[in-house]
Amino acid sequence: MTGVNASQRNYRVILPENALARWLEWLGGFYTLTGPVGGGVAARFTEISKFEQMDLDYQSTMLPPGKKYLFEPVEEVLSFDVSEGVFSSGPYPPGRKRALIGVHPCDVNAILYLDMVFLSGPYADPFYRARRENTFIIALNCKSVTGLCFCHLVGAGPYLKAVSGYDILLTEIGEEEGAERRGGKNRKFMVELVSEKARELCDVFPFSMGEQPEEKDFEKMSRMEAALLKSFRKNLDMEGVQSALLSRPDHHALKETADSRCLSCSNCVMVCPTCFCHDVMDKTDVSLSRSRRVRRWDACQDISFAQVHGGNFRAQRHARLRQFVYHKLDYEEQFGRKGTVGCGRCIRWCPTGIDLTEIARAMME
Amino acid sequence: MGARRPRAGFFKFTCCSGCGFELAYFQRCLEETLAAFDFAFFRLASSSGTPEGPFDLSLVEGAVTEPFQIIELKKIRQRSKVLYAIGSCAITGGIPAIKALAPEAQVEGAAYKERLYGLASTRPHVINDYVQVDGFIRGCPPGERDLFEALSSALMGKDPEFTEYSVCMECKMADNKCVLVEEGLPCMGPVTNAGCGALCPAHHRACYGCFGLMGQANIHALKGRFRELGHFSEEDIENRFFTLFGALGKTERK
Ligand code: SF4
Ligand code: SF4
Ligand code: SF4
Ligand code: SF4
């Protein structure tokens, strides 16, 4: 094994899983380790204390890691007590630093999308920013594709192309020969140190335990990626979709799907990693002296979402469903890219399996 | 504050008194609530007090199942500035409405050994069948959130913002296992009004709809989903929607 220094070879190294595990447990001294627990398509990002609790073969989680931990479901943004003259906004920045481990490419791209929502423009969100700055993101390229994934259509996966906005990128590239590990083979990971923070944290250890990658390793990664790209089952003409949607807002496919299957339950929005809508409400004590202002996730499928003075501009179910489908596949003007990262969650967690790509396909015919 | 405390009344019709208990045990804020309101009538808390108004705020629990209740309810309405229906019995018919599934005389026969010919029991009705209601504090019993919203809004003189979305939203925000999608249980969460904090799914149970249907509940779509689960008869599915908490709700709420 040839030891390499992090400053060499573009900050890439091949590490055996047990070394990675040791390094992560060391990292746990500074960061709350959070990773996918329970495998398959219904894993959950959860705080862990041991590397073995995670299943890095997981395919998808229900709640996206970025949304769950950076844009929290419910949070207090402000509170005051008139009787004591106390006014406070916070609690930010949140105390503990968090490491999100094994974040798939679609979910990293979704975090980059949330960054545009919450951090760009003159009014950056201080709560989101505090958590974002305190979060160390260890991305993991996918090694399998589910039947609902379509990240390849929007460039959000299955391998991560973004070059910043996260810290480390892992790719499983094989198994160590001869070495048996508790519970199976000792896998090997290509570890790329993307951020300055990662380079500092990894400078000596665990790099000294790794091997310098060779050309054949990069070739192997390209072959794995190409094979993955062939295994996608979903397809949609992403070039044509925008004009089709724009020109046919009253298409019967929307109305029929909404009427026959949509429950307006908002599961689709809740699990979507790029849905950012939220509601803000005050909770004032019956003593009328203390008040808390709380923000929570909101959803355009709710009947009251578009209720404003004078009426509800999306009172009909299909108008609400249209909002979701269009915001994901059409409104590129908003952030210069499509709202979807192709993770397939809205389809998987919709109780009736409504599929935005199927609606779009029907609208393009 | 100096200002006069608002006069409040709590009235009960046919029900288990659970909503009254919920208020009497109003966990975090019972003391403040009793200090903020002048509870001029609340039988569960005090046997004194008078139902004569006027009331700034009235909460009415229970379904209407006897003619004298109609007269009382109308009087309460007249004497109240703001009247909220509280709990599923008052709002959807709740448990007492189960008797709507059989002819009244048959229900009486099953409930009492001898026929009580003097009993003027009627089919169950929700209270807004008889009087105009200013808002609904849903649940069986209600969750703290909407009860709190009703009381604090009354004190501030604003319209309360009651929950108007599905149980699924609360379920997802808690990152619960989805018992419908992951386990194939006939969960009513997608069409049920939130407010409970997704209590049943959090305990691995399918929601049975005790908060009542939410607005525009797409019943036939969820029935279709239950059919696809493959292990429920048409009767099972029908009962899921129209027995325990939906006996009166055979039509979609508007
Ligand atoms: S799809 Fe709906 S909930 Fe999601 S971001 Fe767009 S408007 Fe908001
Ligand atoms: S719209 Fe659906 S597929 Fe696209 S990112 Fe959201 S949940 Fe994933
Ligand atoms: S999850 Fe499905 S049924 Fe529920 S609102 Fe979304 S599309 Fe409609
Ligand atoms: S468990 Fe029930 S309430 Fe929860 S998300 Fe699934 S269907 Fe909705």
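The rules behind the values
Residues numbered from 1 in each chain as written. Chains lettered and ligands numbered in written order. Predicted model: local features only at pLDDT ≥ 70, side-chain atom pairs only at ≥ 80, totals over all residues. Heavy atoms only, no water. Contact = heavy atoms within 4.5 Å. Buried area = accessible area lost by both parts, 1.4 Å probe. Salt bridge = Lys/Arg side-chain N within 4 Å of Asp/Glu carboxyl O. Polar contact = N/O pair within 3.5 Å; in protein donor to acceptor, adjacent residues only side chain to side chain. Helix = DSSP H or I, 4+ residues; strand = E, 2+ residues; numbered from the N terminus. Nonpolar A, V, L, I, M, F, W, Y, C, P; charged D, E, K, R; others polar. Disulfide = S-S within 2.5 Å. Buried < 20%, exposed > 50% of the residue type's maximum accessible area, 1.4 Å probe, protein only. Near = heavy atom within 4 Å. Domains from an automatic or database assignment. Phe/Tyr/Trp six-rings, centres within 6.5 Å; stacked < 30°, edge-to-face > 60°. Lys NZ or Arg CZ within 6 Å of the ring centre and 35° of its normal. pLDDT = per-residue confidence, 0-100.

### Some words on the interface of chain B and chain A
Item 1. Taken residue by residue, the interface counts 39 residues in chain B and 44 residues in chain A.
Item 2. Interface of chain B and chain A: buried area, both sides summed, is about 3,200 Å²; carbon and sulfur atoms make up 60% of it.
Item 3. For the pair chain B and chain A, the number of links is four salt bridges.
Item 4. Residue D175 of chain B is joined to K68 of chain A by a salt bridge in which the shortest nitrogen-to-oxygen separation is 2.8 Å.
Item 5. Applying the counting rule to chain B against chain A returns 15 residue pairs in polar contact (both at pLDDT 80 or more).
Item 6. Among the elements of the structure, helix 2 (30-36), helix 6 (144-156), helix 7 (167-173) and helix 9 (219-229) of chain B are those that each provide at least two residues to the side of chain B that touches chain A.
Item 7. Ranked by residues supplied to the side of chain B that touches chain A, first place goes to helix 6 of chain B with seven residues.
Item 8. Residues that form the side of chain B that touches chain A fall into these classes: 20 nonpolar, eight polar and 11 charged.

### Observations concerning the state of the cysteines
Residues and elements named next belong to chain A.
Item 1. Following the criterion strictly, the structure yields zero disulfides over all chains and no others.
Item 2. The thiol of C151 is unpaired, and the distance to the nearest cysteine sulfur, on C149, comes to 5.6 Å.
Item 3. A residue is classified by how much of its surface remains accessible, and C151, at 6% relative accessible area, is buried.

### Comments concerning the site of ligand 4
Item 1. In the vicinity of ligand 4 lie 13 residues, with C168, C171, C178, V179 and C187 of chain B positioned nearest.
Item 2. Chains contributing residues to the immediate surroundings of ligand 4 are chains A and B.
Item 3. At four residues, the largest contribution of residues to the shell around ligand 4 is made by helix 7 of chain B.
Item 4. Considering only residue class, the shell around ligand 4 consists of nine nonpolar, two polar and two charged.

### Some words on the domain arrangement of chain B
All names here are of chain B.
Item 1. Assigned domains of chain B: these are domain 1 (7-156) and domain 2 (167-252).
Item 2. Put simply, the middle of domain 1 and the middle of domain 2, counted by C-alpha atoms, are 25 Å apart.
Item 3. Each side of the interface is counted separately: domain 1 has 18 residues, and domain 2 has 12 residues.
Item 4. Counting the surface lost from both domain 1 and domain 2, the interface buries some 1,100 Å², and carbon and sulfur atoms represent 68% of this.
Item 5. Summed over the shared surface of domain 1 and domain 2, the result is zero salt bridges.
Item 6. Counting across the interface, domain 1 meets domain 2 through one residue pair in polar contact (both at pLDDT 80 or more).

### Re the packing of aromatic side chains
All names here are of chain A.
Item 1. By the definition in use, this model includes 21 aromatic pairs over all chains.
Item 2. Aromatic side chains W26 and F30 sit 5.0 Å apart centroid to centroid with 80° between the ring planes, which places their arrangement in the edge-to-face category.
Item 3. Using a relative accessible area of 37% as the deciding quantity, one classes W26 as partly exposed.
Item 4. In this structure an aromatic cluster arises from ring pairing among F71, F118, Y128 and W297.
Item 5. Positioned above the aromatic ring of W297 is the side chain of K67, whose terminal nitrogen or guanidinium carbon lies 4.7 Å from the ring centre.
Item 6. The ring of Y11 has R199 sitting right over it, with the charged end atom 3.7 Å from the ring centre.

### What about the site of ligand 1?
Residues and elements named next belong to chain A.
Item 1. With respect to spatial proximity, the complete set of residues near ligand 1 consists of V269, C275, F276, C277, C300, Q323, F324, H327 and K328.
Item 2. When residues in the shell around ligand 1 are grouped by element, the largest group, four residues, is from helix 10 (residues 317-329).
Item 3. The residue inventory of the shell around ligand 1, partitioned by class, reads six nonpolar, two polar and one charged.

### Quick word on the confidence of the model for chain B
Residues and elements named next belong to chain B.
Item 1. Chain-level statistics for chain B give a pLDDT mean of 91 and a share of 95% at 70 or above.
Item 2. Ranking the helices and strands of chain B by mean pLDDT puts helix 7 first, with 98, and helix 5 (residues 104-111) last, with 85.
Item 3. Note on the complex model: pTM 0.93, ipTM 0.93.

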